[in-house]
Amino acid sequence: QVQLVESGGGLVQAGGSLRLSCAASGSGFSFFAMGWHRQAAGRAREFVAAMTSGGTTSYLDSVKGRFTISRDNAKNTVYLQMNSLKPEDTAVYYCARGVSPDYIRGLWGAWGQGTQVTVSS
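Small disclaimer: the values here were computed from a predicted structure and weren't measured.

In the structure shown here, the tally under the stated rule is three aromatic pairs. Pairing Phe 47 with Tyr 103 gives two aromatic rings, centres 4.9 Å apart and planes at 15 degrees, and the pair type is stacked. You can see Phe 47 sitting in strand 5 (residues 46-51) and its partner Tyr 103 sitting in the loop between strand 9 (91-98) and strand 10 (108-111), a full 56 residues away along the chain. Note on Tyr 103: relative accessible area 22%, which makes it partly exposed. By way of ring pairs, the aromatic residues Phe 47, Tyr 103 and Trp 108 are connected into one cluster.

Our next topic: the sheet that holds strand 8 (residues 77-82). Strand order in this open sheet of four strands is 1-3-8-7, and the pairing throughout is antiparallel. If you trace the sheet from one side to the other, it starts and ends with strand 1 (4-7) and strand 7 (67-72), each paired once. Between one strand and the next, the sheet's axes are offset by a mean angle of 15 degrees, whatever the strand orientation. Here strand 3 (residues 18-24) runs beside strand 8; their pairing, made up of six bridges, is antiparallel. In the sheet register, Ala 23 faces strand 8, and the bridge partner there is Thr 77.

Regular strands place side chains that alternate from one sheet face to the opposite one. Side chains Leu 4 and Glu 6 of strand 1 all project onto a buried face; the interleaved residues Val 5 and Ser 7 project onto a face where none is buried. When strand 1 meets strand 3, the two strands line up antiparallel, connected through four bridges. The residue bridging Ser 7 from the neighbouring strand is Ser 21, located in strand 3.

Moving on to the state of the cysteines. Summed over the entire model, instances satisfying the criterion amount to one disulfide. There is a disulfide in this structure between Cys 22 and Cys 95, and the S-S distance comes to 2.1 Å. Here Cys 22 and Cys 95 share a disulfide; its torsion about the S-S bond, -75 degrees, makes the bridge left-handed. Here Cys 22, found in strand 3, pairs with Cys 95, found in strand 9; they are 73 residues apart in sequence, far enough to count as distant. Judged by relative accessible area, which is 0%, Cys 95 ranks as buried.

Rules used throughout
- Residues numbered from 1 in each chain as written.
- Predicted model: local features only at pLDDT ≥ 70, side-chain atom pairs only at ≥ 80, totals over all residues.
- Heavy atoms only, no water.
- Phe/Tyr/Trp six-rings, centres within 6.5 Å; stacked < 30°, edge-to-face > 60°.
- Helix = DSSP H or I, 4+ residues; strand = E, 2+ residues; numbered from the N terminus.
- Buried < 20%, exposed > 50% of the residue type's maximum accessible area, 1.4 Å probe, protein only.
- Pairing = 2+ DSSP bridges.
- Axes fitted to C-alpha atoms, helices over the stretch in contact; angles between N-to-C directions.
- Disulfide = S-S within 2.5 Å.

The structure is reproduced here in structure tokens:
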């Protein structure tokens, strides 16, 4: 059973940066697509970014050019570099593991517990 543990959240001023990390336990990390989602208070969870096992990326339109997903298969870790943060980026950010090497919209096999990101204006 895979476990995903996020870290790196916190409070930052608008325009600042944070880097989220997600460490996965177990084997097979490099085989699966990995992704990040977020959920703001009172809103549904939304997709933010994904990376296939081959390195192809997908992003939510509103974060393109500001956020970058990356992975280190040797460390079983996926990252989300967030630059030029805006107050509307405030949310709990969740790491997720896909069910295949490719990113399939809406199909995620495991979730982390989330890490809070708060962007002040």
